[in-house]
Amino acid sequence: MTDITRDVVIVGAGASGLTAANDLVKAGKTVAVLEARDRVGGRLWTREIDGAMLEIGGQWVSPDQDALIGTLEELGLETYSRYREGDSVYVDAAGALTTFTGEIFPVSAETQREMERLIGVLDELVAEIGIAAPWEHPRAKELDTVSWKAWLEAQTEDQEARDNIGLFIAEAMLTKPSHAISALQAVQMAASAGSFSNLVDSDFILDKRVIGGLQSVPVALAEKLGDDVFLNQPVRRIEHDDDSVTVVADGMTVSAKRVIVAVPPNLYSRIDFQPALPRRQHQMHQHLSLGLVIKVHAVYDRPFWREAGLSGTAFSPYETVHEAYDNTNHADPKGTLVGFVSDETADGLFALSDEERKQRVLTSLSHYYGEQALTPEVYYESDWGTEEWTRGAYAASFDLGGLSRYGADLRTPVGVIHWSCSDLAAEGFQHVDGAIRVGRETAAAIVSDLNA
Ligand code: FAD
């Protein structure tokens, strides 16, 4: 067992923990980052599967994500645009395929008007409630105690408009069924991206990727820290008092003045805090859970859909794969499609055999792109639910009523213990941008505290 001493110990080598660690080092503090896995990056992971380079976790960068964009510039990492020339496709409830351009799906004029009206209502709510402290708004409790599904039902009788608007938040973002998330959580999700209109605009929200993959960010941040990053060190216990902390991992112990717990909040209870956390944290943490989404990768000898004038962008709240995109790598002659299967649909697929699940997914892709989609050269499903040190995807959100009840305390330190994660962010909530923002803010708070 190795014993070391540092100013600050960081639990978790994801984008958030590594950002905090680098900022602390820049401010003259000594750090140790303890990571449970045998790699850095957490929910960012670039792998080679059967010869194909795949981004198993997070990958896209949007133009409002200035914390992430700033980090990319600082690290000298280059980006490229997602392919988006040509028509998008939409499959309606009856299974009919239509092509379209722009953001609004090709629905009847009446449904289109309803969708545009709902987007307007949501944009206004987002502007009014804002992202800094949604729980403080006078309507917070009202909106947090009604499900996203029920809120949409109260807004419009148009089922297709509800299904489509619901999709943008439920399946596509929080990856939970629309009955399991609140309207306030939906507003918060949209506010974290600037507006509901931004979320609906895939050209905005899924704008760019990083050459070599987004995991290059944590990898480069870890390189800067050198020997201060310790892999295969799951933290089991945190002993803390008024001004010091001892963090016990499988192979080492770190004594420090402060600790940053930079893991998703659903994993806090895996750590034995001594003394135990306060009642408020015990309660709050039980109301935060990760969603579930399967990210499906299918690689073909060429991006065949482009020959048919298709961009690769596809949506349907009625399909197994509710959204899919051209995910061809930079300067790669092969064509890659990425699709997503969310929440209860994912549960259903996981009940099938591997082969049946693959066929179900590829059949769904063929509804968007035709028969050629049935025979990829490489097929892979990112399954974050089985990852012990994550347990779902994309990120954590509150159950009904949780955001208004506990939001204000999400990041409140407990003595020498600080919390940092994308799932606790305001701007960039559930995204790498948010992970970086919270990492920076947490480091700054600790530096000012230690220097006081
Ligand atoms: P994490 O990345 O989860 O890092 C936490 C780290 O802590 C992990 O390395 C974990 O192993 C470690 N850990 C956990 N417990 C312990 C312990 N007890 N001891 C030691 N270490 C521990 N975001 C985007 O911006 N764009 C996208 O396109 C996008 N797509 C996504 C697609 C998928 C499939 C997934 C899963 C996520 C996606 N995200 C996306 C979200 C993004 O990846 C995350 O928000 C972000 O990477 C989280 O960073 P983090 O540092 O806060 O947490």
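Attention in this report is confined to the structure presented alongside it. Because the structure is a prediction, the values reported are computed rather than measured.

**Considering the overall build of the protein chain**
Argument step 1. Each helix and strand in the protein chain was counted, giving 16 helices and 23 strands.
Argument step 2. Against the 2.2 N^0.38 benchmark of 22 Å for 452 residues, the protein chain shows a C-alpha radius of gyration of 22 Å, consistent with a compact globule.
Argument step 3. Principal-axis analysis of the C-alpha atoms gives the protein chain an extent of 65 × 50 × 40 Å.
Argument step 4. Here the protein chain, with 452 residues, has 60% of them falling under the buried criterion.
Argument step 5. Taking the contacts inside the protein chain whose residues are at least 6 apart along the sequence as the reference set, 73% of them involve residues at least 24 apart.
Argument step 6. Per element, the accessible surface of the protein chain, about 17400 Å² overall, is 47% carbon and sulfur.

**Things to note about the packing of aromatic side chains**
Argument step 1. Considering all chains together, one arrives at 21 aromatic pairs under this definition.
Argument step 2. Here Tyr-300 and Phe-304 contribute two aromatic rings whose centre-to-centre distance is 5.1 Å and whose plane-to-plane angle is 80°, an arrangement assigned as edge-to-face. With respect to class, Tyr-300 is no different from Phe-304; both count as buried.
Argument step 3. Arranged with centres 6.3 Å apart and planes meeting at 20°, the rings of Phe-398 and Tyr-406 form a pair that is stacked.
Argument step 4. Note on Tyr-406: relative accessible area 2%, which makes it buried.
Argument step 5. The rings of Trp-60, Tyr-90, Phe-100, Phe-105, Trp-148, Trp-151, Phe-168, Phe-196, Phe-315, Tyr-325, Phe-340 and Tyr-394 are connected pair by pair, giving a single aromatic cluster.
Argument step 6. Positioned above the aromatic ring of Trp-45, the side-chain terminus of Arg-39 is 4.2 Å from the ring centre.
Argument step 7. Taking the ring centre of Tyr-83 as reference, the NZ or CZ of Arg-306 above it sits at 3.7 Å.

**Digging into the pattern of salt bridges**
Argument step 1. For the structure shown, the criterion picks out 28 salt bridges.
Argument step 2. Note that Asp-7 is salt-bridged to Lys-257, the shortest N-O span being 3.0 Å. Taken as a pair, Asp-7 in the loop between β1 (2–5) and β2 (8–11) and Lys-257 in the loop between β13 (252–256) and β14 (258–261) lie far apart in primary sequence, 250 residues in all.
Argument step 3. Residue classification places Asp-7 among the buried positions, given a relative accessible area of 15%.

**Structural notes on the nonpolar core**
Argument step 1. Judged by nonpolar contacts, the single largest core of 91 residues is most densely connected at Trp-148, Ile-165, Phe-196, Ile-238 and Val-261.
Argument step 2. Broken down by element, this core gets its largest block of residues, eight residues, from helix α6 (residues 159–174).
Argument step 3. When neighbours within four sequence positions are excluded, Val-261 is seen to be in contact with Val-11, Ile-238, Tyr-268, Ile-271, Phe-273, Ile-417, His-418, Trp-419 and Ser-420.
Argument step 4. Grouped together as the second largest cluster of nonpolar side chains are 33 residues, Leu-24, Leu-225, Ile-260 and Ala-443 included.

**Some thoughts on helix α3 (residues 109–129)**
Argument step 1. The terminal C-alpha atoms of α3, which comprises 21 residues, lie 30 Å apart, in line with the 30 Å expected from a rise of 1.5 Å per residue.
Argument step 2. Taken together, the buried positions of α3 are occupied by Thr-111, Glu-114, Met-115, Leu-118, Ile-119, Leu-122, Leu-125, Val-126 and Ile-129. Angularly, the buried residues of α3 cover 135° about the axis, an arc narrow enough to put them on a single face. Along α3, the residues that are exposed and aim more than 90 degrees away from the buried face are Ala-109, Glu-110, Arg-113, Glu-124 and Ala-127.
Argument step 3. Looking at the buried positions of α3, the neighbouring elements they touch are α4 (140–144), α5 (148–155), α6, α7 (183–192) and α8 (196–200).

**A few points about the sheet that holds β14**
Argument step 1. If you trace the five strands from one edge of the open sheet to the other, you get β10-β3-β2-β14-β23, paired in parallel fashion. In the strand order of this sheet, the two ends are held by β10 (229–230) and β23 (417–419), each with one partner.
Argument step 2. Here β2 pairs with β14 via four bridges, running parallel. Looking at β14, one finds that Val-9 is bridged to Val-259.
Argument step 3. Against the sheet, helix α16 (residues 432–451) contacts β2, β14 and β23, and its axis sits at roughly 170° relative to β14.

Reading the values: rules and limits
- Residues numbered from 1 in each chain as written.
- Predicted model: local features only at pLDDT ≥ 70, side-chain atom pairs only at ≥ 80, totals over all residues.
- Heavy atoms only, no water.
- Helix = DSSP H or I, 4+ residues; strand = E, 2+ residues; numbered from the N terminus.
- Rg over C-alpha atoms; globule rule 2.2 N^0.38 Å.
- Buried < 20%, exposed > 50% of the residue type's maximum accessible area, 1.4 Å probe, protein only.
- Contact = heavy atoms within 4.5 Å.
- Areas by Shrake-Rupley, 256 points an atom, 1.4 Å probe, with all protein chains shown as cover.
- Phe/Tyr/Trp six-rings, centres within 6.5 Å; stacked < 30°, edge-to-face > 60°.
- Lys NZ or Arg CZ within 6 Å of the ring centre and 35° of its normal.
- Salt bridge = Lys/Arg side-chain N within 4 Å of Asp/Glu carboxyl O.
- Core = buried A, V, L, I, M, F, W, Y, C linked by side-chain atoms within 4.5 Å.
- Expected span 1.5 Å × (residues − 1).
- Arc of directions from axis to C-beta.
- Pairing = 2+ DSSP bridges.
- Axes fitted to C-alpha atoms, helices over the stretch in contact; angles between N-to-C directions.

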